[in-house]
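Descriptive structure summary
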Amino acid sequence: TGQPSAKTKSRESLSYYTFSLGCGFPVPVFDTNQKMEIGFRPGFILGYSLKKNWGRLIFGFTSGLIVESLKEEYNGFFLYSLHAGGVTGYRSTFLDPFYVFVEASGGISVNIFVYDDESNNSTPAVPAPYIGPTLGIGIDTGPFMSFSVYGSFLFIFFSNELYTGITPGIRCKIKIR
């Protein structure tokens, strides 16, 4: 019938805090694809979900790490990128228990390049702004937990180069009342 149950209505009527853990695998695209390998990207979001008649608004803090290596023909090194910033988004409430969400995040990434040779030299930390739009689908598995899959585009604006990647990933969210 498309109508949420009374249990769902009472659960969805509240605004609440959330804690999310996610993990993805950045796939370099465009010029970045010629130099970088597929990486690993764990992260978390501390958020607030505000109930509206048409869905939920999400606001929060996000942080995580990207570990990625340069292809061997480019004298390999590893990129360690620690990022922190804000996130805002929308989550649907009309497909219960399923949902669709869109998010936009942005902030600063602190990047360290470690060279893969005998010297193990590294660069000083290089800060750079980043943005990351995300689109995903999920399912509420109970009153306090949900799981989702997502795709996130990532742009890191280095002073002389643009990092671009698409990150498919999974996320577990816990609602904190």
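Coordinates for the structure precede this section.
Focus on the side chain of R41
- If you trace the backbone, R41 turns up in strand β3 (residues 41-52).
- Leaving out residues up to four positions away in the same chain, R41 has contacts with G22, C23, G24, P26, L65, I66, H83, S152, L154 and T167.

Here we look at the pattern of salt bridges
- In this structure the tally under the stated criterion is three salt bridges.
- A salt bridge links R91 to D140; the nearest nitrogen and oxygen atoms lie 2.7 Å apart. Taken together, the positions of R91 in strand β5 (residues 77-91) and D140 in strand β7 (residues 126-140) put the pair 49 residues apart, joining distant regions of the chain. Here R91 and D140 have matching classes, each one buried.
- In this structure, the salt-bridge partner of D140 is K175, at a minimum N-O distance of 3.6 Å. Placement of the pair is D140 in strand β7 and K175 in strand β9 (residues 162-176), with a sequence separation of 35 residues.
- Residues joined by salt bridges that share partners form a network here, namely R91, D140 and K175.

Cut-offs and rules
- Within any chain, residue numbers begin from 1 and follow the written order of that chain's sequence.
- In keeping with the predicted nature of the model, local features appear solely for residues at pLDDT of at least 70, side-chain atom pairs appear and are counted solely at 80 or more, and the whole-chain, interface and lining totals rest on all residues.
- To obtain the side-chain values, all non-hydrogen atoms of the structure were included, while hydrogens and water were left out.
- What counts as a helix is a DSSP run of H or I of at least four residues, what counts as a strand is a run of E of at least two, and both are numbered from the N terminus.
- Should any heavy atoms of two residues lie within 4.5 Å, those residues are considered in contact.
- Salt bridge criterion: a side-chain nitrogen from Lys or Arg within 4 Å of a carboxyl oxygen from Asp or Glu.
- When a residue's accessible area, from a 1.4 Å probe over protein chains only, is under 20% of the maximum for its type it is buried; when over 50% it is exposed; and in between it is partly exposed.

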